[in-house]
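This is what each chain is made of:
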Amino acid sequence: MRLALAQINTTVGDLGGNVAHILDAARSVQSQKPDLIVFPEMTISGYPPRDILYDASFVEAVQAATQDLTDQSNGLPPMLVGSFAPSGESRLEHPALHNIAYLIQHGEKRIAQIKQLLPVYDVFYEPRWFIPGKKTLPPIEIAGHKLGVLICEDMWDEQYPVHPGADLKRMGAELLICMSAAAYERGGMENRLYHARRQGYPIVFVDLVGGNDELIFDGGCFALSGAGEVLHQSPL
């Protein structure tokens, strides 16, 4: 199985530009015939969109951009792309959104995973805008292999009562894929590798590059064997 790790630079609110970056990245590796192209968390909107998520017109525009990407994807390899959508729940003065990983394939999209663990520390306060997924969704099947999808904090599950990676292993995943928007911090790469190795399973980690507001995203996508050996690491 061939995976392409798309370490791209997105901009919060530039929906057309972000869709164009995704399509450009997909087309740039199309000749290498990857079975799946993996993008970071919330690729469509850019990360972190913060309180613009209270604007219903922005939420609608992100839905339209996600569909536009899907419509333009026909003929491209399958893609895992981060976006968000209304959860269907109603909460007072709360956007009530789900942070979603979509599998886009054959000109159609479907939900591959909904983020369950919402961080509330450092620069993160995701429960202000998002509602956690109620359960871990089953692995997706690509090229005859079962791939379990995690969204960022879902890999940092050590201090939580919910363990999405373990759920996916029980469901038969052969490989874990973590779509992330992890900002630079001193010792950050060591921290990511620690939590990836804790999963005790082959895992691929994909992050953003660039900067939004005060946050810098340093990339460094990697793939680990089940024993924790680094099989690939993209530049920081």
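Note that the structure is a prediction, hence the values are computed from the model and not measured. (Residues numbered from 1 in each chain as written. Predicted model: local features only at pLDDT ≥ 70, side-chain atom pairs only at ≥ 80, totals over all residues. Heavy atoms only, no water.)

Details of the state of the cysteines
As enumerated under the stated definition, the model contains 0 disulfides in all. Its sulfur unpaired, Cys152 is 5.8 Å from the next cysteine sulfur, which belongs to Cys178. Cys152 gets classed as buried once you look at its relative accessible area, which sits at 8%. In this structure Cys178 comes out as buried when scored by relative accessible area, which is 0%. (Disulfide = S-S within 2.5 Å. Buried < 20%, exposed > 50% of the residue type's maximum accessible area, 1.4 Å probe, protein only.)

Let's talk about the nonpolar core
In this structure, Phe39, Leu69, Met79 and Phe84 are the most contacted members of the largest nonpolar core, which totals 41 residues. Put simply, the parts of the chain that give this core at least two residues each are helix H1 (15-29), helix H2 (56-72), strand E3 (79-86), strand E4 (97-105) and strand E13 (215-218). In terms of nonpolar packing, the next biggest core, distinct from the first, is built from 18 residues, Leu80, Ala101, Ala112 and Ile177 among them. (Core = buried A, V, L, I, M, F, W, Y, C linked by side-chain atoms within 4.5 Å. Helix = DSSP H or I, 4+ residues; strand = E, 2+ residues; numbered from the N terminus.)

Topic: helix H4 (residues 188-198)
Looking only at H4, the buried set comprises Gly188, Met189, Arg192, Leu193, His195 and Ala196. Projection of H4 onto a plane perpendicular to its axis shows the buried side chains occupying an angular sector of 165 degrees, all on one side. Where the residues of H4 are buried, they touch strand E11 (203-206), E13, strand E14 (222-224) and strand E15 (230-233). (Arc of directions from axis to C-beta. Contact = heavy atoms within 4.5 Å.)

Focus: the pattern of salt bridges
Evaluated as defined, the whole model comprises 12 salt bridges. Arg128 is the salt-bridge partner of Asp51, the closest N and O atoms lying 2.8 Å from each other. Here Asp51, found in the loop between strand E2 (36-38) and H2, pairs with Arg128, found in the loop between strand E7 (124-125) and strand E8 (140-142); they are 77 residues apart in sequence, far enough to count as distant. The residue Arg170 makes a salt bridge to Asp167 at a minimum N-O spacing of 2.4 Å. Linking Arg170 with Asp167, this pair stays in helix H3 (residues 164-170), spanning 3 residues, or about one helical turn. One network of salt bridges, in which partners are shared, links Glu41, Lys115 and Glu126. (Salt bridge = Lys/Arg side-chain N within 4 Å of Asp/Glu carboxyl O.)

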